[in-house]
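Tertiary structure, described
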Amino acid sequence: MSARLDSMAEKLDEAAIGQHAIAQLSIDTSLSVADAYRVQNLLVERRLARGEKRVGVKLGFTSRAKMIQMGVHDLIWGQLTDAMLVSDGGHLALDEFIHPRAEPEIAFLIGERLTGELSEQTALAAVRSVAPALEIIDSRYSDFKFNLADVIADNCSSAALVVGPWQPLPGDIDNLDVLLEIDGQPAQSGSTAAILGHPVRALVAAARLVAQAGLELEPGWVVMAGAATAAETLRPGMRVRATVSGIGGVTFSCDEAPREKQGR
Ligand code: OOG
Ligand code: MG
């Protein structure tokens, strides 16, 4: 494995652990999309070597709202580990992140192994349950700015996720209202229709993309379909809630700033 790609993975890993932003990799190197996924894999391997377990995958840039907010227009995927899970109603320690943001999503729980090119019907039939979810993204790059290869290498900004109560798959999931509230006030609203026209397409894409990487969506894995709206910057003490009509809600609270950091 190329030492160059490995040192990029190390830089990104250390940025996340030390909560310091780094310059975009693309500033002084040209990185292909294929190499960016190799860096992502090396980065995730470092986490697995520390004892973390893969729990699923996430899709990114499945909605126009996200593409416009971040200026990247290609579908991307990243890998989720158990260390990223925050319980519904739980707390997020903001000082473990660089400049975290939250976005409302829906999550699929995989019931049967999925991989390769699939029909939407096959993908839906393999879903055990769905849940409202919140993704916490935290780019390791300064100012949350990146190009396509940068963000892929950075495991698609994956930082944490909160999954609400799992529900049986409702008859239709292609036009459900999605609401992101901060401290009880609406902050973002959209529809599951914003996710590739139908969120099952995110699942179909996930099965195809993981297959290219030699992986499969395994029973028990979570697939995050991608945010239906733009993301919101998190601040100390915020209460964040996502609601998806017909599926339910999910919340977390940001811890207050630690005493020594207050007033800065
Ligand atoms: C990249 C991750 C995008 C989504 O849901 O579209 C993503 C980012 O916005 O930093 O997670
Ligand atoms: Mg997301």
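Refer to the structure presented above.
It should be emphasised that the depicted structure is a prediction, and the values quoted were computed from it without experimental measurement. (Residues numbered from 1 in each chain as written. Chains lettered and ligands numbered in written order. Predicted model: local features only at pLDDT ≥ 70, side-chain atom pairs only at ≥ 80, totals over all residues. Heavy atoms only, no water.)

**Some points on the overall build of the protein chain**
- Tallying secondary structure elements over the protein chain gives six helices and 13 strands in all.
- In summary, the protein chain has a C-alpha radius of gyration of 17 Å against a globular reference of 18 Å for 264 residues, a match within 12%.
- The principal-axis extent of the C-alpha atoms belonging to the protein chain is close to 50 × 45 × 35 Å.
- Here the protein chain, with 264 residues, has 52% of them falling under the buried criterion. (Helix = DSSP H or I, 4+ residues; strand = E, 2+ residues; numbered from the N terminus. Rg over C-alpha atoms; globule rule 2.2 N^0.38 Å. Buried < 20%, exposed > 50% of the residue type's maximum accessible area, 1.4 Å probe, protein only.)

**Considerations on the site of ligand 1**
- Inspection of the region around ligand 1 gives 17 residues, with Lys58, Phe61, Lys66, Glu103 and Ser157 positioned closest.
- A distance of 2.8 Å separates an oxygen atom of ligand 1 from a polar backbone atom of phenylalanine 61.
- The contact in question runs from an oxygen atom of ligand 1 to an N or O atom on the side chain of glutamate 103, over 2.8 Å.
- Contributing elements (two or more residues each) for the shell around ligand 1: strand 1 (54-60), helix 3 (64-70), strand 5 (101-110) and strand 6 (127-137).
- Tallying contributions element by element places strand 1 first for the shell around ligand 1, with three residues.
- Of the residues belonging to the shell around ligand 1, the class tally is nine nonpolar, three polar and five charged. (Near = heavy atom within 4 Å. Polar contact = N/O pair within 3.5 Å; in protein donor to acceptor, adjacent residues only side chain to side chain. Nonpolar A, V, L, I, M, F, W, Y, C, P; charged D, E, K, R; others polar.)

**What to know about unusual backbone geometry**
- Phi at aspartate 143 is positive, roughly 60°, even though this residue is not glycine.
- Mapped onto the elements of the fold, aspartate 143 is located in the loop between strand 6 and helix 5 (148-153).
- The residue leucine 196 is not glycine, and still its phi comes out positive at about 55°.
- Its location among the elements puts leucine 196 in the loop between strand 9 (185-191) and helix 6 (200-212).

**Focus: the packing of helix 1 (residues 3-18) against helix 2 (residues 33-49)**
- One way to put it is that helix 1 packs onto helix 2 with a least axis distance of 8 Å and a crossing angle of 55°. Judged by the inter-axis angle, helix 1 sits oblique to helix 2. Pair helix 1 / helix 2 crosses with right-handed handedness. Facing helix 1, whose interface residues are Arg4, Leu5, Asp6, Met8, Ala9, Glu10, Leu12 and Asp13, helix 2 presents Asp35, Arg38, Val39, Leu42, Leu43 and Arg46.
- Looking at the contact of helix 1 with helix 2 residue by residue, the class counts come to seven nonpolar, no polar and seven charged. (Axes fitted to C-alpha atoms, helices over the stretch in contact; angles between N-to-C directions. Parallel < 35°, antiparallel > 145°, perpendicular 65-115°, else oblique. Left-handed = near helix turned anticlockwise from the far one by under 90°. Contact = heavy atoms within 4.5 Å.)

**A short note on the packing of aromatic side chains**
- Enumeration according to the criterion identifies two aromatic pairs in this entry.
- Look at tyrosine 37 and tryptophan 77: their rings are 5.8 Å apart centre to centre, the planes differ by 20°, and that puts the pair in the stacked class. Remark: tryptophan 77 occurs in strand 2 (residues 76-81) and tyrosine 37 occurs in helix 2; sequence separation between them is 40 residues.
- By relative accessible area, which is 5% here, tryptophan 77 ends up buried.
- Centroid distance phenylalanine 144 to phenylalanine 146: 6.4 Å. Interplanar angle 55°. Geometry classified as tilted. Here phenylalanine 144 and phenylalanine 146 have matching classes, each one buried.
- Positioned over the ring face of phenylalanine 144 is arginine 101, at 3.9 Å from the centre of the ring. (Phe/Tyr/Trp six-rings, centres within 6.5 Å; stacked < 30°, edge-to-face > 60°. Lys NZ or Arg CZ within 6 Å of the ring centre and 35° of its normal.)

**Structural notes on helix 2**
- With 17 residues, helix 2 extends 24 Å between its outermost C-alpha atoms, agreeing within 8% with the 24 Å of an ideal straight helix rising 1.5 Å per residue.
- Looking at the packing, one finds that the buried side of helix 2 touches helix 1, strand 1, strand 2 and helix 5.
- Of the residues flanking the end of helix 2, it is glycine 51, one or two places downstream, whose phi is positive at about 105°. (Expected span 1.5 Å × (residues − 1).)

**Here's the deal with the pairing of strand 7 (residues 158-163)**
- The buried fraction of strand 7 amounts to six of the six residues, a majority that puts the element mostly inside the structure.
- Sheet topology note: the strand 3 (residues 85-86)/strand 7 ladder contains two bridges and is parallel. If you follow valine 86 over to strand 7, its bridge partner there is valine 162. (Pairing = 2+ DSSP bridges.)

**Some details on the environment of valine 127**
- Mapping valine 127 onto the fold places it in strand 6.
- A relative accessible area of 10% means that valine 127 is categorised as buried.
- The contact partners of valine 127, leaving out residues within four places of it in the chain, are Phe108, Leu109, Gly111, Leu169 and Leu203.

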